[in-house]
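Examining the three-dimensional arrangement
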Amino acid sequence: MMKRRWIWIGLLIAGLVCAVVGGVLWWRQQHPQPYCSVSQDGDRTTEYTMCTDKQKYQFGEPIHVTFTIKNISGGTGLQKYSSMEYGNGIDPAIDICDQAGHICWSDEQMLTEDDKHFILKLHESRTLTWTWPTTPEHLDYIKDLQSTLSPFVCQHMSLYGYETWPPQSKPEIVFGIGIIYSCRR
């Protein structure tokens, strides 16, 4: 009688553990964690964060990407950087582009003065949010890239964050994140 009771208790505990593990696995599948990469500039005054909603995508599937820059100049001893200026008033101060610079966030925007030039005080940040590809032309561009690949290859792509510092005349790549796009089998 006592032995049978312990068997039932053991089965109950095993069932509860399986239910909890299954629930956690189900929740994680329903709520994927973002795929992020973080870096700092050489002076350790700016932190760059780029995230996508996941790392692997199928052809035509939208990629939701964010690019954040943050002024972290406090504690660097570079007091002249307590407020940091971005942009040249002409080009976007920060931007997100594909690996060839062919398609960019700024292409689809009516840029305001604040998009072309802004100042971040200590610990302030600025974030761009973009969904790519957004047009049939973008998908045609990806198809053209794929035509050079083997039929069994996943295309590794990068999305890059750009930054313009005064008085630069052109934006420069500051950070990127790699993704796998358009796996074909």
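Fair warning: this is a prediction, and the values are worked out from it, not measured in the lab. Numbers given for residues are sequential positions, taken from 1 along each chain in its written order. The predicted nature of this model means local features are confined to residues of pLDDT at least 70 and side-chain atom pairs, given and counted, to a pLDDT of 80 or more, with totals for whole chains, interfaces and linings taken over all residues. Hydrogens and waters are ignored; side-chain quantities use all the structure's heavy atoms.

To qualify as a nonpolar core, a set must consist of buried Ala, Val, Leu, Ile, Met, Phe, Trp, Tyr and Cys residues joined through side-chain atoms within 4.5 Å. The rule is simple: take the accessible area with a 1.4 Å probe, protein chains only, and divide by the maximum for that residue type; under 20% is buried, over 50% is exposed, in between is partly exposed. Judged by nonpolar contacts, the single largest core of 24 residues is most densely connected at Ile69, Ile96 and Leu159. Any two residues whose heavy atoms approach within 4.5 Å are treated as being in contact. If we ignore the near neighbours within four places in the chain, the residues touching isoleucine 96 are Met50, Val65, Phe67, Ile103, Cys104, Trp105, Leu128, Trp130 and Tyr160.

Pairing between strands requires that DSSP locate at least two bridges from one strand to the other. To qualify as a helix, a DSSP run of H or I must reach at least 4 residues; to qualify as a strand, a run of E must reach at least 2; elements of each kind are numbered from the N terminus. Pairing within the open sheet is antiparallel, and its 4 strands lie in the order 1-2-4-8. Looking at the sheet topology across the chains shown, the edges are occupied by strand 1 (35-40) and strand 8 (125-132). Strand-to-strand twist of the sheet, defined as the mean angle between neighbouring strand axes without regard to direction, takes the value 15 degrees. Summarising the sheet, strand 2 (residues 46-52) and strand 4 (residues 63-71) pair through 7 bridges and their orientation is antiparallel. From the neighbouring strand, methionine 50 faces strand 4, where its bridge partner is phenylalanine 67. An axis is simply a line fitted to the C-alpha atoms; with a helix, the fit covers only the stretch in contact. Between two such axes, the angle follows the N-to-C directions and lies from 0 to 180 degrees.

Pairs were defined over the aromatic rings of Phe, Tyr and Trp, the Trp ring being its six-membered one, requiring ring centres within 6.5 Å. Orientation was assigned from the angle between planes: stacked under 30 degrees, edge-to-face over 60, tilted for the rest. Using the criterion set out here, one finds 2 aromatic pairs in the structure. Each ring, one from tyrosine 48 and one from phenylalanine 67, has its centre 6.4 Å from the other, and the planes form 10 degrees; the classification is stacked. You can see tyrosine 48 sitting in strand 2 and its partner phenylalanine 67 sitting in strand 4, a full 19 residues away along the chain. Looking at tyrosine 48, the relative accessible area reads 3%, which means it is buried. A ring is scored as having a charge over it whenever the NZ atom of a lysine or the CZ atom of an arginine sits within 6 Å of its centre and within 35 degrees of its normal. Lying across the ring of phenylalanine 118, arginine 126 places its NZ or CZ 3.9 Å from the centre.

Whenever Lys or Arg places a side-chain nitrogen within 4 Å of a carboxyl oxygen from Asp or Glu, that contact is recorded as a salt bridge. Evaluation of the coordinates by the stated rule reveals 2 salt bridges. Of the charged contacts in the structure, one is a salt bridge between glutamate 61 and lysine 54, with a shortest N-O distance of 2.4 Å. Residue classification places lysine 54 among the partly exposed positions, given a relative accessible area of 29%. Residue arginine 126 is joined to aspartate 114 by a salt bridge in which the shortest nitrogen-to-oxygen separation is 3.2 Å. On the criterion of sequence distance, the pair formed by arginine 126 in strand 8 and aspartate 114 in helix 2 (residues 113-116) is long-range, its members being 12 residues apart.

If a residue is not glycine, its phi is most likely negative; likewise, a peptide bond is most likely trans. Backbone geometry places histidine 123, a non-glycine residue, at a positive phi of 70 degrees. Structurally, histidine 123 can be placed in the loop between strand 7 (118-121) and strand 8. Residue class for histidine 123 comes out exposed when judged on its relative accessible area of 53%.

Let's shift gears to the pairing of strand 4. Relative to strand 8, strand 4 runs antiparallel, the two being bridged by 8 bridges. Within strand 8, the position partnered with isoleucine 63 by the bridge is tryptophan 132.

Relative to the helices and strands, aspartate 41 resides in the loop between strand 1 and strand 2. If near-sequence neighbours (up to four positions away) are discounted, aspartate 41 is found in contact with Thr46 and Tyr48.

Here we come to empty space enclosed by the protein. Here a cavity denotes a set of grid points, spaced 1 Å apart and computed over the protein atoms alone, in which a 1.4 Å probe fits but from which it cannot get out, and a pocket denotes an open set meeting protein on both sides within 12 Å along at least five of seven lines; residues with an atom within 4 Å of a point are reported as lining. Grid points are joined across faces, edges and corners, and a volume is the space filled by probe spheres set on the points. One pass over the structure, following the stated rule, counts 1 cavity of 30 Å³ or more. Estimated volume of the largest cavity: approximately 30 Å³. Lining the largest cavity we find Ile94, Trp105, Asp115, Phe118, Arg126 and Leu128. Under the convention adopted here, Pro, Cys and the residues Ala, Val, Leu, Ile, Met, Phe, Trp and Tyr are nonpolar, Asp, Glu, Lys and Arg are charged, and Gly plus all remaining residues are polar. For the lining of the largest cavity, the class distribution of residues is 4 nonpolar, no polar and 2 charged.

Cysteine sulfur atoms are paired as a disulfide whenever they fall within 2.5 Å. Taken as a whole and judged by the stated rule, the model has 2 disulfides. What pairs with cysteine 36 in a disulfide is cysteine 51, and their sulfur atoms sit 2.0 Å apart. What sets the handedness of the cysteine 36 and cysteine 51 disulfide is the S-S torsion sign, and at about 115 degrees it is right-handed. Placement of the pair is cysteine 36 in strand 1 and cysteine 51 in strand 2, with a sequence separation of 15 residues. Judged by its relative accessible area of 38%, cysteine 36 falls in the partly exposed class. Residue classification places cysteine 51 among the buried residues on the basis of a relative accessible area of 13%. One disulfide bridge connects cysteine 97 with cysteine 104, the sulfur atoms lying 2.0 Å from each other. Given an S-S torsion of about 105 degrees, the disulfide between cysteine 97 and cysteine 104 has right-handed geometry.

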